[in-house]
Amino acid sequence: MSSLLAALQNSANALDTFEKQIGVTQDNVINASTPGYVKQQLDVSAVGFQPSAGLYGGVQSGQIENARSEFAETAVQNEQMQDGFLSERANTLQNIQSAFDITGDSGLSKGINDLFSAFSSWSEAPTDITQQQGVINAAQAFVTNANQTAAELNLNAASVKQEIGVQISAINQLALQIARINQSDQSNPAAAASNNSTLYSDLEQLSQSVNFTTVKASDGTTTVLLDGQIPLVIGSKSYPLSLSMVAAGTNNSPAAPQILDAGGNNITSQVTNGKLGGLLSVANGELATLLGDGTQNGSLNNLITNIATAVNNLLQKGQIDQAGTPGVALFQVTNDASAAATLQLNPACVASQLAAIDPGPPMVSNGIANQLSALANNTTTMFGNQSFVQYYGSMASAVGGAAGNAATAKTNSDQLLAQARSLRTQISGVSLDDEAASLVGLQQAYEATSKVFTTVNQLMEDLLNAVR
Amino acid sequence: MSQTKTSQPRSSGRRGPSLAGWNKAPVLPRPEECIALAGAALARARQLLLNPTAEAVLQCEFAMNEVADRLRQFPRSLARAEEAGRANRADLQRAAAALKEDLSQVTILYHKSSQFYASWTRLFSAKRCGYTRRGAPARLVCSHQFVVRG
């Protein structure tokens, strides 16, 4: 009788196992094209055969093992974060770069060059009304160029701010969706496996926007922590982020974006990756360096303030005529983070009031005009012993260099992301035995290839030395 | 019907490809060609590493060996070109810098995938085979592995 019971028990186990296998296969077929879904497999194990101990052999199913490894998902998410970061940096820096023209054919560099050329021409005929008017016209063009450059950069800053808001909304929306999945898992643990594909898809999208880590809680829910510390999702509750624009100083600098957690704490410094991290790095990095922030006026404003002040000081030191009528300032300029945006011509200064005469002694009829012309090549320690034009060039090339580096790094990052996705596919949905064989084979392949890479890198150094 | 015999050129009667010149030294590419050929092999390696299966990694080894061969040819090729006054250093420097950049990218792809598998193997070993007494993941045992010795 006991052997009949054993046989029945054995058959029941086997039937149950096969039923589950069929279920898993159906899931795989149905979900084959579902985004975020990977093949699932049933972990089947043998039952020991020892009738005296009540073990009658056969097979039994273990838990359905989701072939998608947390490990592979994390690898993709990490690459996705880096890719998002670099894509935003590359895009925004390219836009900022377009505000600068280093060829001297247009924009602020042309404005600076033309202003000093006009001073040079005027110095040769200081009383010639045409040359005087030429200076006024060049000064007006310089003002317009400075205002336009500032406006373009401010427009970029506004666009970055808007995009930061878009990313925060996306993050909050995804956090809410993940919290709902957690809630569903809590109320129906059996559905947890089928929710996984949606969960992983949401996490992958989230990784485009921000850096985070996930932790599996004991109840099967997924906790999402920004930078490993700040809760975005715990159980069925999400913790939304918000954006705050803070005027950081008294120097008229643009308001700086700050990211606040659900408790209102400033967590900006902890957003280091993803699109949000990329946008913040440009807003608080390159844009702040150019336009200023609470601690500095910004390189563009420093340049404008210094040019305008140097010109004004010389003109006010000079005199308009032999009678000693003092000169007037050419520009109205501030010494703060709004200098480029608010620069304007002094309405009191017309062509006939330009002070070309240096009172000396000895008095020189074109002395001031000469000194204004020479300003083009004067270097200042404030600008690292560069002239105004050189300083503008280094400012523009810094932006161009950062944009170029971001674009190159983005290309590399695209490849790493593609590779991580491919690796995820490779280790998902493989039987445990196949996986073991595959990993042993890979280990051998990598060991063999490693030596060639070492050789090639050494040969590459030799080649570089040979062509030096 | 009559048949006319035409004279045929004499041949040795040996079939198959001509071996004429088989013992000649291989043609040494010009320096810029060495770099270009190394670059093409690197591009193949990069493509393989984007989807790094065991087979792809082995193929990558072949591609990298070709890169190494081309780089080994370079010094002789450069010396010959310099003797003939044909070496354009500026162009070669630019090409070499680009090749170095390509190599860096491929090396990163190689290391990333290698690290991925190394970490995954550790996790997988621990999951499959448990831990050693010292607490390290046990060595991965593969039931499909055949070892041939001798």
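Just above, that's the structure.
A brief structural summary. (Residues numbered from 1 in each chain as written. Chains lettered and ligands numbered in written order. Predicted model: local features only at pLDDT ≥ 70, side-chain atom pairs only at ≥ 80, totals over all residues. Heavy atoms only, no water.)

1. Some words on the overall build of chain A
Next up, step 1: When helices and strands are tallied, chain A shows 11 helices and 12 strands.
Next up, step 2: Split into buried and exposed, the 468 residues of chain A put 47% on the buried side.
Next up, step 3: Put simply, 64% of the contacts in chain A that link residues at least 6 apart link residues at least 24 apart.
Next up, step 4: Within the structure as shown, chain A displays about 20900 Å² of accessible surface, and the carbon and sulfur contribution to it stands at 52%. (Helix = DSSP H or I, 4+ residues; strand = E, 2+ residues; numbered from the N terminus. Buried < 20%, exposed > 50% of the residue type's maximum accessible area, 1.4 Å probe, protein only. Contact = heavy atoms within 4.5 Å. Areas by Shrake-Rupley, 256 points an atom, 1.4 Å probe, with all protein chains shown as cover.)

2. Here's the deal with helix 3 (residues 107-124) of chain A
Each full turn of the α-helix corresponds to 3.6 residues, which orients residues three or four apart in the same direction.
Residues and elements named next belong to chain A.
Next up, step 1: Here helix 3 spans 26 Å end to end across 18 residues, near enough to the 26 Å set by a 1.5 Å rise per residue.
Next up, step 2: Of the positions making up helix 3, those classed as buried are Leu108, Ser109, Gly111, Ile112, Leu115, Phe116, Ala118, Phe119, Trp122 and Ser123.
Next up, step 3: Taken together, the buried residues of helix 3 touch helix 4 (129-187), helix 7 (299-317), strand 11 (331-332), helix 9 (367-374) and helix 10 (388-427). (Expected span 1.5 Å × (residues − 1).)

3. Topic: the interface of chain B and chain A
Next up, step 1: Contacts between the two partners involve 53 residues from chain B, matched on the other side by 45 residues from chain A.
Next up, step 2: Taken together, the two surfaces of chain B and chain A that pack against each other cover about 4500 Å², and 71% of this comes from carbon and sulfur.
Next up, step 3: Taken together, chain B and chain A are joined by two salt bridges.
Next up, step 4: Glu79 of chain A serves as the salt-bridge partner of Lys112 of chain B, at 2.8 Å between the closest nitrogen and oxygen.
Next up, step 5: Our count for the chain B to chain A interface comes out at 17 residue pairs in polar contact (both at pLDDT 80 or more).
Next up, step 6: Of all the secondary structure elements, the ones that give two or more residues to the side of chain B that touches chain A are helix 1 (31-49), helix 2 (54-83) and helix 3 (89-129) of chain B.
Next up, step 7: Among the elements that take part in the side of chain B that touches chain A, helix 3 of chain B stands out by supplying 27 residues, more than any other.
Next up, step 8: Taken together, the residues of the side of chain B that touches chain A sort by class into 31 nonpolar, 13 polar and nine charged. (Buried area = accessible area lost by both parts, 1.4 Å probe. Salt bridge = Lys/Arg side-chain N within 4 Å of Asp/Glu carboxyl O. Polar contact = N/O pair within 3.5 Å; in protein donor to acceptor, adjacent residues only side chain to side chain. Nonpolar A, V, L, I, M, F, W, Y, C, P; charged D, E, K, R; others polar.)

4. As for the pairing of strand 7 (residues 230-234) of chain A
Residue and element names in this part refer to chain A.
Next up, step 1: Note that strand 6 (residues 222-226) and strand 7 share three bridges and pair antiparallel. By the bridge assignment for strand 7, Leu225 is matched with Pro231.
Next up, step 2: In this structure, the hairpin formed by strand 6 and strand 7 is closed by a connection of three residues, where Asp227 is found at a positive phi of approximately 55°.
Next up, step 3: As judged from the two bridges shared by strand 7 and strand 8 (residues 237-238), these two strands associate in the antiparallel manner. Looking at strand 8, one finds that Val233 is bridged to Ser238. (Pairing = 2+ DSSP bridges.)

5. Side note on the packing of helix 3 of chain A against helix 4 of chain A
All names here are of chain A.
Next up, step 1: The geometry of helix 3 relative to helix 4 is characterised by a closest axis approach of 8 Å and an angle of 165° between their N-to-C directions. As far as their axial angle goes, helix 4 and helix 3 are roughly antiparallel. Our pair here, helix 3 against helix 4, has a crossing hand that is left-handed. Between helix 3, through Gly107, Leu108, Gly111, Ile112, Asp114, Leu115, Ala118, Phe119, Ser121 and Trp122, and helix 4, the contact on the second element is made entirely by Gln131, Gln132, Gly134, Val135, Ala138, Ala139, Phe142, Asn145, Ala146 and Thr149. (Axes fitted to C-alpha atoms, helices over the stretch in contact; angles between N-to-C directions. Parallel < 35°, antiparallel > 145°, perpendicular 65-115°, else oblique. Left-handed = near helix turned anticlockwise from the far one by under 90°.)

6. Side note on the nonpolar core
Next up, step 1: Judged by nonpolar contacts, the single largest core of 87 residues is most densely connected at Phe100, Leu303, Leu330 and Phe331 of chain A.
Next up, step 2: Ranked by the residues each element gives to this core, the list is headed by helix 4 of chain A, at 18 residues.
Next up, step 3: With sequence-adjacent residues up to four places away left out, Phe331 of chain A is seen in contact with Leu115, Ala139, Phe142, Val143, Ala308, Val311, Asn312, Leu343, Gln344, Leu345 and Asn346 of chain A.
Next up, step 4: With 49 residues, the next largest nonpolar core counts Leu459 and Leu464 of chain A together with Leu78 and Leu99 of chain B among its residues. (Core = buried A, V, L, I, M, F, W, Y, C linked by side-chain atoms within 4.5 Å.)

7. Thoughts on the pattern of salt bridges
Next up, step 1: Overall, the coordinates contain 17 salt bridges over all chains when judged by the stated rule.
Next up, step 2: Residue Glu82 of chain B pairs with Arg89 of chain B through a salt bridge whose shortest N-O separation is 2.3 Å.
Next up, step 3: Classification of Glu82 of chain B by relative accessible area gives partly exposed; the value is 39%.
Next up, step 4: Residues joined in a network through salt bridges with shared partners are Glu73, Glu204, Arg421 and Arg424 of chain A.

8. Here's the deal with the packing of aromatic side chains
Next up, step 1: Counted by the stated rule, this structure contains 10 aromatic pairs over all chains.
Next up, step 2: Aromatic side chains Phe100 of chain A and Tyr392 of chain A sit 5.9 Å apart centroid to centroid with 50° between the ring planes, which places their arrangement in the tilted category. Of this pair, Phe100 of chain A sits in the loop between helix 2 (70-97) and helix 3 while Tyr392 of chain A sits in helix 10; the two residues are 292 residues apart in sequence, bridging distant segments of the chain. Neither Phe100 of chain A nor Tyr392 of chain A differs from the other in exposure class; each is buried.
Next up, step 3: Taken together, the aromatic side chains of Phe71, Tyr446 and Phe453 of chain A together with Tyr110, Phe116, Tyr117 and Trp120 of chain B make up a single cluster linked through ring pairs.
Next up, step 4: When the ring centre of Tyr239 of chain A is taken as origin, the NZ or CZ atom of Lys237 of chain A, which lies over that ring, is 5.1 Å away. (Phe/Tyr/Trp six-rings, centres within 6.5 Å; stacked < 30°, edge-to-face > 60°. Lys NZ or Arg CZ within 6 Å of the ring centre and 35° of its normal.)

9. With respect to the sheet that holds strand 5 (residues 212-216) of chain A
Residues and elements named next belong to chain A.
Next up, step 1: One open sheet accounts for four strands, arranged 5-6-7-8; its pairing is antiparallel. Of all strands in the sheet, those bounded by a partner on one side alone are strand 5 and strand 8.
Next up, step 2: Against the sheet, helix 4 engages strand 6, strand 7 and strand 8, with an angle of about 45° to strand 7.

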